[in-house]
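Reading the structure
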Amino acid sequence: MIKEISNLNACYNPGADLWVVPLSPNSTWFRKLNWYCSSQLTLWSYKKAPSFNTKLKSIIENEALPFSDTPLTQANDILVDTTNIFPNRAVLAIDVSKGLSTWLQNLRKKSDQLNAHQIRIFWGQSQIHDLLQGLKELKHELDDVSLEIVTCEPDKL
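Keep in mind the model is a prediction, meaning the values are calculated, not measured.

1. Some remarks on the pattern of salt bridges
With the rule as written, the count across this model stands at five salt bridges. Residue Asp144 is joined to Arg108 by a salt bridge in which the shortest nitrogen-to-oxygen separation is 2.9 Å. You can see Asp144 sitting in the loop between helix H5 (128-137) and strand E6 (146-150) and its partner Arg108 sitting in helix H4 (residues 100-113), a full 36 residues away along the chain. Classification of Asp144 as partly exposed rests on a relative accessible area of 43%. By relative accessible area, Arg108 is classed as buried at 12%. Glu148 is the partner of Arg120 in a salt bridge, and the nearest nitrogen-oxygen pair spans 2.5 Å. With Arg120 in strand E5 (residues 118-122) and Glu148 in strand E6, this pair connects stretches of sequence that are 28 residues apart. Residue Glu148 is classed as buried on the basis of its relative accessible area, which comes to 9%.

Structure, rendered in structure tokens:
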């Protein structure tokens, strides 16, 4: 089921557990939600991935310990707990640089991992047609998810 939210006042109302936005500084919704989240989305986008120092790596290799510094998840997606900011559990920013189809597949995977079945997508008006087409193509994968699509633009900061 897909519900449209076209009224700016309604987009901040309760309804969805997870709010999702494209991870892009060009997205007006990314900038707006980032501002409300005290810039947490931007802060985490600049964090370096943790790594083992050289001495620790050599100990791990010499002792044949079952550790690896290879990341298990993509570091491009950012999840911020917003229970004290918005009427939801979290805001998720998903990397959109690999295209809409990949973005939607990542959304599905992340929503399963977070056990989030009520999702609000904040998208730009100019790309709404592409989003709806992508959702139509992945309809069978999103049958158990309730989607809300925000089709209005945010107010200026």
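That covers the picture; the talk isn't over yet.
2. Overview of the packing of aromatic side chains
Overall, the coordinates contain ten aromatic pairs when judged by the stated rule. Centre to centre, the rings of Tyr36 and Phe86 are 5.8 Å apart; their planes meet at 90°, and the pair counts as edge-to-face. Remark: Phe86 occurs in the loop between strand E3 (78-81) and strand E4 (90-95) and Tyr36 occurs in helix H1 (residues 28-36); sequence separation between them is 50 residues. For the pair Trp103 and Trp123, a centre-to-centre distance of 4.8 Å together with 65° between the ring planes defines the contact as edge-to-face. Within this pair, whereas Trp103 is found in helix H4, its partner Trp123 is found in the loop between E5 and H5, the two being separated by 20 residues in sequence.

3. Focus: the sheet that holds E6
A sheet is described by the order of its strands in space; here six strands give the open sequence E1-E6-E5-E2-E4-E3, paired in mixed fashion. Lying at the two open borders of the sheet, with one neighbouring strand each, are strand E1 (2-5) and E3. The sheet shows a mean angle of 25° between the axes of neighbouring strands, direction not considered. Inspection of the sheet shows strand E2 (residues 18-23) paired to E4 by six bridges, in the parallel sense. Across the sheet, Leu23 pairs through a bridge with Asp95, a residue of E4. Here H1 sits on the sheet and contacts E2, E4, E5 and E6; the angle it forms with E2, its principal contact strand, is near 125°. Across the sheet, H5 is in contact with E1, E5 and E6; its angle to E6 comes to roughly 170°.

4. Brief notes about helix H3 (residues 54-62)
The opening residue of H3 is Asn53, an N-cap whose side-chain oxygen sits 3.2 Å from the backbone nitrogen of Lys55. Looking one or two residues beyond H3, the residue adopting positive phi is Ala64, at roughly 55°.

Criteria and cut-off values
Residues numbered from 1 in each chain as written. Predicted model: local features only at pLDDT ≥ 70, side-chain atom pairs only at ≥ 80, totals over all residues. Heavy atoms only, no water. Salt bridge = Lys/Arg side-chain N within 4 Å of Asp/Glu carboxyl O. Helix = DSSP H or I, 4+ residues; strand = E, 2+ residues; numbered from the N terminus. Buried < 20%, exposed > 50% of the residue type's maximum accessible area, 1.4 Å probe, protein only. Phe/Tyr/Trp six-rings, centres within 6.5 Å; stacked < 30°, edge-to-face > 60°. Pairing = 2+ DSSP bridges. Axes fitted to C-alpha atoms, helices over the stretch in contact; angles between N-to-C directions. Contact = heavy atoms within 4.5 Å. Polar contact = N/O pair within 3.5 Å; in protein donor to acceptor, adjacent residues only side chain to side chain.

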